[in-house]
Amino acid sequence: MTDATQQTPAAQTPAGQATAAASGAAATERFRGKQHTEAPVAGTARVGLLASEAIAAVHDVIRRHKVTYAEYDALKSWLIQVGQDGEWPLFLDVWIEHVVEEVANENREGTSGTIEGPYYVPGAPVLPAEATLPMRVGEAGTPLLFQGQVTAVGGAPLPGARVEIWHADADGLYSQFAPGLPEWNLRGTVIADGQGHFKIHTLEPAPYRIPTDGSCGMLIAAAGWHAWRPAHLHLKVSVPGHQLITTQLYFESGSHLDDDIASAVKPELILAPAPADSGEGNEVTYDFALDKA
Ligand code: DHB
Ligand code: FE
């Protein structure tokens, strides 16, 4: 088993105050960094169609609900604030992305996808097929052995598949998006063995509350919603010749499976861990099936 690369004791690096502004700014910067192309992704006909139908949908809401000038101005000021807070990635990934994912993956036969969310970072440390994710000494949480096999649809093992995994810590914080956490805390790129098997030692994540002190939080409070996502592991599983799948796995015993603020739970993505054979924490097996490219 490969051990953690970071040795910073948890007690010496309190996560500090994770603010919406800090995570929003980091998520905005991260997203900008991944947009390499300046080439248009759609022609004028398609842009015109999508933009006019989206605008018409808003007109329809205004007419049906007799939206007032005061409400229009409140919306304008809120939209300006979302940009200033850097919260567009958070807003879009919570309330819009799940439908984009549904459309993108509707023809897959293999493992279901779900949203990526704003906190993926490429290039996490590469780890062998059995590995412990980088974590602080004394990292809080119940140990979890997450293991499985990556195959093609139909069951042929996919040797050397990449299992990228990232998740929040016990405080619901993601490394690189909250102050004070080691760079790659609870993030790794695990390379499956010759039969596509992997064994990842980590900790069960806690339920995650999207930041409430920024403009997304303002909307949630004003609408009387809650800000919770169920505890989840994020994954990207890939191998050349097959389609990469971006997904999340949830926990049967956890809260908010039925009312995820990001609407990203699917029944087939819910894990039921059992006490580990080792006597330490829990373990669960989940196999991934990848569609051909
Ligand atoms: C958001 C955060 C997540 O961890 C996630 O999985 C999806 C969305 C967000 O804050 O937008
Ligand atoms: Fe998340």
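Below you will find a few notes about this structure. (Residues numbered from 1 in each chain as written. Chains lettered and ligands numbered in written order. Predicted model: local features only at pLDDT ≥ 70, side-chain atom pairs only at ≥ 80, totals over all residues. Heavy atoms only, no water.)

Of the protein atoms, only Y174 (OH), H232 (NE2) and H234 (NE2) coordinate the iron ion (ligand 2), at distances of 1.9 to 2.1 Å. Donor residues binding the iron ion (ligand 2) come from one chain and are separated in sequence as Y-x57-H-x1-H. You can see Y174 sitting in the loop between β4 (162-166) and β5 (187-191) and its partner H232 sitting in strand β9 (residues 232-238), a full 58 residues away along the chain. No difference in accessibility class separates Y174 from H232, as the two residues are buried. (Donors = N, O, S within 2.8 Å, 3.2 Å for Na, K, Ca; no water. Helix = DSSP H or I, 4+ residues; strand = E, 2+ residues; numbered from the N terminus. Buried < 20%, exposed > 50% of the residue type's maximum accessible area, 1.4 Å probe, protein only.)

Glancing now at the nonpolar core. Among the nonpolar cores identified, the biggest contains 57 residues, and F146, V150, I210, L235 and F288 are the most heavily contacted of them. Look past the residues within four positions of V150 in its chain and what remains in contact with it is P157, L158, A161, V163, Q195, G196, F198, V237, F288 and L290. (Core = buried A, V, L, I, M, F, W, Y, C linked by side-chain atoms within 4.5 Å. Contact = heavy atoms within 4.5 Å.)

Contacts to ligand 1 come from 13 residues, most closely from L90, V94, Y174, R229 and H234. Contact between ligand 1 and Y174: an oxygen atom at 2.9 Å from a side-chain N or O atom of the residue. Within the side chain of H232, a nitrogen or oxygen atom sits 3.2 Å from an oxygen atom of ligand 1. Considering ligand 1 on its own, with 290 Å² of exposed area, one finds that the protein chains cover 100% of that surface. For the shell around ligand 1, the residue count by class is eight nonpolar, four polar and one charged. (Near = heavy atom within 4 Å. Polar contact = N/O pair within 3.5 Å; in protein donor to acceptor, adjacent residues only side chain to side chain. Areas by Shrake-Rupley, 256 points an atom, 1.4 Å probe, with all protein chains shown as cover. Nonpolar A, V, L, I, M, F, W, Y, C, P; charged D, E, K, R; others polar.)

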